[in-house]
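Secondary and tertiary structure notes
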Amino acid sequence: MSDNDAMGANLQQPNPVPITVIGGYLGAGKTTLINRLLAQPTMPAGTAVLVNDFGDINIDAALIKSASPDGQVIGLSNGCICCSISDDLSKALDQLSNLPLQRVIMETSGVAEPARVWQHCHYPGFTPQALIVVVDAENFRSQSKDKYVGQLVNAQVDQADLLIVSKMDHNPAFQLRRLTAQLTTTDPSLLATVLGWTRRHPLTATLSTTKTASFAARTWYQQQALSLEELYALLDRQAEGVYRIKGWVEITAGIMQVDRVGERLTLKPMEDRPVPAQLGLVFICST
Ligand SMILES: [Zn+2]
């Protein structure tokens, strides 16, 4: 894109649509945070949500869509918007630029570097507003010391304009040394703070040129219902080198939403929520 193109677009739309980027490592609680924001009665109209799932099942986008049936939700799957599918991001922004939008909330993949995503948000008609990073109080300490993913997890925190701490209930004593202020996901001022947060200085973060960890997503597509024991056996077989497991599985008792972050496995019955289009599990692992 030439400078002239950018100027032309700015002339058409003098107020570019702000993009609030929500990042954080795999399983930190980005989708939960966005669903919590969307559930607020004061959520402004004209908000679109872009959701980047690293795996090839659009799990987070589906979860957000079910929380926001009227909202504009676009899922970008099968890669990371900061490094492998930035063309898809451009297409999605083109699609959104035809709508009367006030703002975009963008959920990055768990392996994205927020500063790289920020660069992609300088796009005709749009402007990046703030990098919000969700920090997992339960798992941050071990992840940040991990020899494979530690550098990425620390870079995500270093690049943030605002850190939001999740899962404090699992680790109430959690503290990050360099933080001057903390906001938890249950704070009543969460929505106003997140949407109002604006980066004050140009982004100067140094991007990591050598990645210490590279990730791959494998998908297991479910063909037939499993017993609960078979599901546990499947999850156990896949435990080594896997950082995150998520998806939907049909067991004898019904369809379960499956989520494993670190050692913690959560199985949630779908009950009367809409049945997902694709049953299966995405395993995100190191390569
Ligand atoms: Zn990336």
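Below or above, wherever it landed, is the structure these notes cover. Just so it is clear, the structure is predicted and the values come from calculations on it, not from any experiment.

**Some details on the overall build of the chain**
Tallying secondary structure elements over the chain gives nine helices and 12 strands in all. Within the chain, residue pairs in contact and separated by at least 24 positions form 76% of the contacts whose partners lie at least 6 positions apart.

**Let's talk about the sheet that holds strand E8 (residues 215–221)**
Here five strands make up an open sheet; going across it, the order is E8-E12-E9-E10-E11 and the pairing antiparallel. Only two strands of the sheet have a single neighbouring strand rather than two, namely E8 and strand E11 (264–269). Sheet twist, expressed as the average angle between the axes of neighbouring strands with direction ignored, equals 15°. Taken together, the seven bridges between E8 and strand E12 (residues 280–286) define a ladder with antiparallel strand orientation. The partner of Phe215 across the bridge, within E12, is Ser286. Sheet contacts for helix H9 (residues 228–237): strand E9 (242–251), strand E10 (254–261) and E11; angle to E9, the most-contacted strand, approximately 160°.

**Examining the pairing of E12**
Sheet topology note: the E9/E12 ladder contains six bridges and is antiparallel. From the neighbouring strand, Arg244 faces E12, where its bridge partner is Ile284.

**Structural notes on the packing of helix H2 (residues 30–38) against helix H3 (residues 59–67)**
Two measures define how a pair of helices packs: the angle their axes make with one another and the distance between the axes. Packing of H2 against H3 brings their axes to within 9 Å, and their N-to-C directions diverge by 15°. Judged by the angle between their axes, H2 and H3 are roughly parallel. Two packed elements cross with a definite hand, and for H2 against H3 that hand is right-handed. For the pair formed by H2 and H3, the contact residues are Thr31, Ile34, Asn35 and Leu38 on the first element and Asp60, Leu63, Ile64 and Ala67 on the second.

**A closer look at the nonpolar core**
Counting residues in hydrophobic clusters, the biggest one holds 72 residues, and the most contacted among them are Val21, Leu50, Ile132 and Val135. Counting contributing residues, this core receives three or more from each of domain 1 (3–196) and domain 2 (215–286). Sequence-distant contacts of Val135, defined by excluding residues within four places in its chain, comprise Gly24, Ala28, Phe140, Val157, Leu163, Ile164, Val165, Ser166 and Leu176.

The rules we used
- Residues numbered from 1 in each chain as written.
- Predicted model: local features only at pLDDT ≥ 70, side-chain atom pairs only at ≥ 80, totals over all residues.
- Helix = DSSP H or I, 4+ residues; strand = E, 2+ residues; numbered from the N terminus.
- Contact = placed C-beta atoms within 7 Å.
- Pairing = 2+ DSSP bridges.
- Axes fitted to C-alpha atoms, helices over the stretch in contact; angles between N-to-C directions.
- Parallel < 35°, antiparallel > 145°, perpendicular 65-115°, else oblique.
- Left-handed = near helix turned anticlockwise from the far one by under 90°.
- Core = buried A, V, L, I, M, F, W, Y, C linked by C-beta atoms within 7 Å.
- Buried ≥ 20, exposed ≤ 12 C-beta atoms within 10 Å, placed from the backbone.
- Domains from an automatic or database assignment.

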